[in-house]
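Observations on the model geometry
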Amino acid sequence: KLVYVLNGPNLNLLGTREPDIYGSQTLDDIGALLVERGEELDIAIDMRQSNHEGHLVDWLHEARAEGASAVLLNAGAYTHTSVALLDAIRAIGVPVIEVHLSNPHTRESFRHTSWVGMAAKGTIAGFGADSYLLALEAAARL
Ligand code: DQA
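The model shown is predicted, which means the values in this text are computed figures rather than measured ones. As a convention, each chain's residues are numbered from 1 in the sequence order in which they are written. Owing to the predicted nature of the model, reporting of local features is limited to residues with pLDDT of at least 70; listing and counting of side-chain atom pairs is limited to 80 or more, with chain, interface and lining totals taken over all residues.

Around the ligand, the structure places N10, N74, G76, A77, T79, H100, L101, S102, P104 and R111. Partitioned by chemical class, the residues of the shell around the ligand number 3 nonpolar, 6 polar and 1 charged. Being near a molecule or strand means, for a residue, that its C-beta atom, positioned from the backbone, comes within 6 Å of it. As a working rule, the residues Ala, Val, Leu, Ile, Met, Phe, Trp, Tyr, Cys and Pro are called nonpolar, Asp, Glu, Lys and Arg charged, and the rest polar, with Gly in that last group.

In this section: the UniProt feature "site: Transition state stabilizer" (unreviewed entry) in the chain. UniProt positions are given in the numbering used here, feature names are shortened, and annotations may be inferred rather than shown by experiment. Look at the UniProt record and you will see "site: Transition state stabilizer" (unreviewed entry) annotated at R17. Its place among the elements puts R17 in the loop between β1 (2–7) and α1 (19–22). Contact between two residues is assigned whenever their backbone-derived C-beta positions fall within 7 Å. The contact partners of R17, leaving out residues within four places of it in the chain, are N10 and Y22. Working definition: helices are DSSP H or I runs of at least four residues, strands are E runs of at least two. Numbering for both runs from the N terminus.

Below, the discussion takes up the sheet that holds strand β3 (residues 70–74). Being paired, for any two strands, means DSSP has found at least two bridges between them. What the 5 strands build is an open sheet, ordered β2-β1-β3-β4-β5; its pairing is parallel. Edge positions in the sheet fall to β2 (44–49) and β5 (122–125), since each has one partner strand and no second. Mean inter-strand twist for the sheet, computed between neighbouring axes without regard to direction, equals 20°. Simply put, an axis is a line fit to the C-alpha atoms, just over the touching stretch for a helix, and the angle between two N-to-C directions goes from 0 to 180 degrees. Of the strands in this sheet, β1, β3, β4 (96–100) and β5 are in contact with helix α6 (residues 130–141), which crosses β4 at around 165°.

Moving on to the packing of helix α3 (residues 53–65) against helix α4 (residues 83–92). Between α3 and α4, whose axes approach to 9 Å, the crossing angle comes to 5°. Judged by the inter-axis angle, α3 sits roughly parallel to α4. Packed against α3, whose contacting residues are E53, L56, V57, L60, H61, A63 and R64, the element α4 presents A84, L85, A88, I89 and I92 at the interface. For classification purposes, an angle smaller than 35 degrees is called roughly parallel, one larger than 145 roughly antiparallel, one from 65 to 115 roughly perpendicular, and anything else oblique.

Here it is as structure tokens:
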């Protein structure tokens, strides 16, 4: 099995970015944890990050072309703005699991809307880096 893990804007700054909200682990740290757990589950991990919305759209298309069984998507702030990501998720027919480190529902009201969530198979949010690992467990069970 192959699982894509796609990360949106500002997540390259994890570790130093508002650590009280997002924790002190870097995205590379999280990637290493996913690869390790993936080996146990017999799942290859392809993890990417971009600050550009269109890259995320392209990578969702690529996930289908490469035969990924699921995508974990933390779209960062594009979660709350991007109809293009909603459409891409609907277009590819690959289950997408929405991931957030924080729980957006406990934060500003503009974070309460998720275009990604409208098309996602499900959402895991609020568990810090563990959100990604829990989402990988969910992907393994699909
Ligand atoms: C986030 C939550 C978003 O609201 C925010 O814009 C992010 C990170 C999270 O993982 O908690 O960039 O997706």
